[in-house]
Amino acid sequence: MAGRHAGRPVGYPHFKRKGRARDSFRIHHDVTKPTIRLEGHRRLRIPKLGTIRIHDSGKRLARLIAKGDAVVQSVTVSRGGNRWYASVLAKVDQPIPDKPTRAQTARGTVGVDWGIRHLATLSQPLDPATDRPVDLLDPADLRVANPRYLDKWTRRLAKAQRALARTEKGSKRRAKAARRVGVIQHRIAEQRATAVHLLGKRLATKFATVAIEDLNVRGMSASARGTLEHLGHGVRRKAGLNRAVLDVAPGELRRQLGYKTSWYGSTLAAVDRWYPSSKTCSSCGTVIPKLPRDQRVFHCTACGLAVDRDYNAAVNIARHAVPLVEGDVKARGSPVRPASDGRRGRAGRQKREDPPPSGGPPRRE
Ligand SMILES: [Zn+2]
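The model shown is predicted, which means the values in this text are computed figures rather than measured ones.

Undergrad: Explain the overall build of the chain residue by residue, including any values.
TA: Within the chain one finds 9 helices and 16 strands. For the chain, long-range pairs separated by at least 24 residues make up 68% of all intrachain contacts whose partners lie at least 6 apart in sequence.

Set out below in structure tokens:
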């Protein structure tokens, strides 16, 4: 035995500490006598804290509770940047399809190449209605753009980080500058999360199978391998700016697709993280030895294929992905697909853990 194991080193437990841990706490209640409850559609009552105004409407959750289809389990209050969020966890009883719709089946499998230059490049368009043929050298129809304001905010982040670097350690101005950086990082994370949610839902509802690269996010943070391969020309600076902020997304898309596909009757599939999706020719299968990062077009030396490199990767991912087994998804803390082993008939209604229906920022009143 080498005396090592995967994951973080194990040690004595530490208490959470201000500034060192994520500022959050969770409140549970007796589900038979709920004390965490909505008051109207705009207010949430939390024991000990009182009533807080919520940002989104609680209408949908209120309706589900009224019908007896949802039971609130707990509320988690957490800080993100300069805001506080209240996330309500509810058990929701609602039908989950056990197979894709006819429309989803007709679209088949979509391959997703995750990037930083573009949020993603797909092997087929999200909406098939375009009658003009897709330009495979510059497939605008297959690209999912990064959120519009990301560039502006990453510039601001760089500025804030420079300001932080110039401050004196332990000073009040440093704490202030650090707070400013935190606020901007949070804004960027929120924008990216919104984009990932939108994309995740569209992929899970429009296709029968969503194929992704298994990026193994934990391994990636150690070596930055895998993402570097997806960097385009001139974006290394941006990525280097704050990799932590931009990198949270690939693992997050995978996590979301895990449960979203199970909600909408589709399947999540993945290619092995060592599969050379970028260097393999999607036409003849030849693996080319080198593909520099700044080379946007894939040229096959064997068959002469010339297509956009991300599109080439997406096609390979679609073709070689294998469906993820239940345990694999479950291990990441997401609900799993209904069992498909002969219990099909009664797998109709499943408990599903709903994501927080109310985002922040709540305001104390
Ligand atoms: Zn080829």
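Undergrad: Which residues make up the sheet that holds strand E14 (residues 322-323), and what are the values?
TA: If you walk across this open sheet you meet the 6 strands as E9-E8-E7-E10-E11-E14, and the pairing is mixed. Edge positions in the open sheet fall to strand E9 (143-144) and E14, since each of these has one partner strand only. Bridging between strand E7 (residues 109-114) and strand E8 (residues 120-122) involves 3 bridges; their strand directions are antiparallel. For Asp113, the partnering residue across the bridge sits in E8 and is Thr121. Docked against the sheet, helix H8 (residues 309-320) engages E7, E8, strand E10 (209-213) and strand E11 (267-271), running at close to 130° with respect to E7.

Undergrad: Give me the lowdown on the nonpolar core, citing residues and values where you can.
TA: Val112, Val210, Ala211 and Ile317 are the most contacted members of the largest nonpolar core, which has 33 residues in total. Ranked by residues supplied to this core, first place goes to H8 with 6 residues. Those residues in contact with Ala211 that sit more than four places away from it in its chain are Thr109, Val110, Gly111, Val112, Ala269, Ala270, Val271, Ile317, Ala318 and Ala321. Core analysis: the next-biggest nonpolar cluster, separate from the first, contains 12 residues, Leu44, Ile54, Ala86 and Val88 among them.

Undergrad: Run through the pairing of E11, naming residues and quoting values.
TA: Among the 5 residues of E11, 5 are classified as buried, and the element is accordingly described as predominantly covered. The alternating pattern of E11 places Thr267, Ala269 and Val271 and Leu268 and Ala270 on opposite faces, both of which are buried. Relative to E11, E10 runs parallel, the two being bridged by 5 bridges. Across the sheet, residue Thr209 finds its bridge partner in E11, namely Thr267. In this structure, E11 lies alongside E14, joined through 2 bridges in antiparallel fashion. Paired with Ala270 across the two strands is Val322, which belongs to E14.

Undergrad: Explain unusual backbone geometry to me, using residue names and the numbers behind them.
TA: The backbone of Lys48 sits at a positive phi, close to 75°, despite the residue not being glycine. Along the chain, the position of Lys48 falls in the loop between strand E3 (43-46) and strand E4 (50-53).

Undergrad: Outline the packing of helix H3 (residues 150-165) against helix H4 (residues 172-206), listing residues and values.
TA: Orientation of H3 relative to H4, taken along the N-to-C sense of each, is 160°, at an axis distance of 9 Å. Judged on the interaxial angle alone, H4 and H3 are roughly antiparallel. In terms of crossing hand, the pair formed by H3 and H4 is left-handed. Seen from H3, the contacting residues are Leu150, Trp153, Thr154, Arg156, Leu157, Ala160, Gln161, Ala163 and Leu164; seen from H4, they are Arg174, Ala177, Ala178, Arg180, Val181, Ile184, Gln185, Arg187, Ile188 and Gln191. Here the contact of H3 with H4 is built from residues that sort into 11 nonpolar, 4 polar and 4 charged.

Undergrad: Please provide a residue-by-residue account of the pairing of E3, values included.
TA: Walk down a regular strand and you will see the side chains alternate between the two sheet faces. Of the strand pairs in this sheet, strand E2 (residues 37-39) and E3 are connected by 3 bridges, and their pairing is antiparallel. Looking at the pairing, Glu39 lines up with Arg43 of E3. Here E2 folds back onto E3 in antiparallel fashion, the turn holding 3 residues, of which Gly40 has a positive phi close to 70°. With 4 bridges connecting them, E3 and E4 associate as antiparallel partners. When the sheet's bridge partners are listed, Ile46 is paired in E4 with Gly50. Connecting E3 to the next strand, E4, in antiparallel fashion are 3 residues, including Lys48 with a positive phi near 75°.

Undergrad: Which residues make up the environment of Leu324, and what values do they have?
TA: The topology assignment puts Leu324 in the loop between E14 and helix H9 (326-330). Residue class for Leu324 comes out buried when judged on the 20 C-beta atoms lying within 10 Å of it.

Undergrad: Which residues make up the environment of Lys152, and what values do they have?
TA: Secondary-structure assignment places Lys152 in helix H3. A tally of 10 C-beta atoms within 10 Å means that Lys152 is categorised as exposed. Considering only alpha carbons, one finds Lys152 and Ile188, 36 residues apart in sequence, at a separation of 9.8 Å.

Undergrad: I'd love a proper account of the confidence of the model for the chain, names of residues and values included.
TA: The predicted model of the chain averages 79 in pLDDT, with 77% of residues at 70 or higher. This stretch, residues 217-242, has a pLDDT under 50; its non-local contacts, to residues over four places away or in other chains, come to 32 contacts. Across residues 327-365, confidence stays below pLDDT 50; counting only partners more than four residues off in sequence or on other chains, it has 79 contacts.

Undergrad: Which residues make up the environment of Gly115, and what values go with them?
TA: Mapped onto the secondary structure, Gly115 falls in the loop between E7 and E8. Distance from Gly115 to Val144, taken between C-alpha atoms, is 9.6 Å for residues 29 residues apart in sequence.

Cut-offs used in this document
Residues numbered from 1 in each chain as written. Predicted model: local features only at pLDDT ≥ 70, side-chain atom pairs only at ≥ 80, totals over all residues. Helix = DSSP H or I, 4+ residues; strand = E, 2+ residues; numbered from the N terminus. Contact = placed C-beta atoms within 7 Å. Pairing = 2+ DSSP bridges. Axes fitted to C-alpha atoms, helices over the stretch in contact; angles between N-to-C directions. Core = buried A, V, L, I, M, F, W, Y, C linked by C-beta atoms within 7 Å. Buried ≥ 20, exposed ≤ 12 C-beta atoms within 10 Å, placed from the backbone. Parallel < 35°, antiparallel > 145°, perpendicular 65-115°, else oblique. Left-handed = near helix turned anticlockwise from the far one by under 90°. Nonpolar A, V, L, I, M, F, W, Y, C, P; charged D, E, K, R; others polar. pLDDT = per-residue confidence, 0-100.

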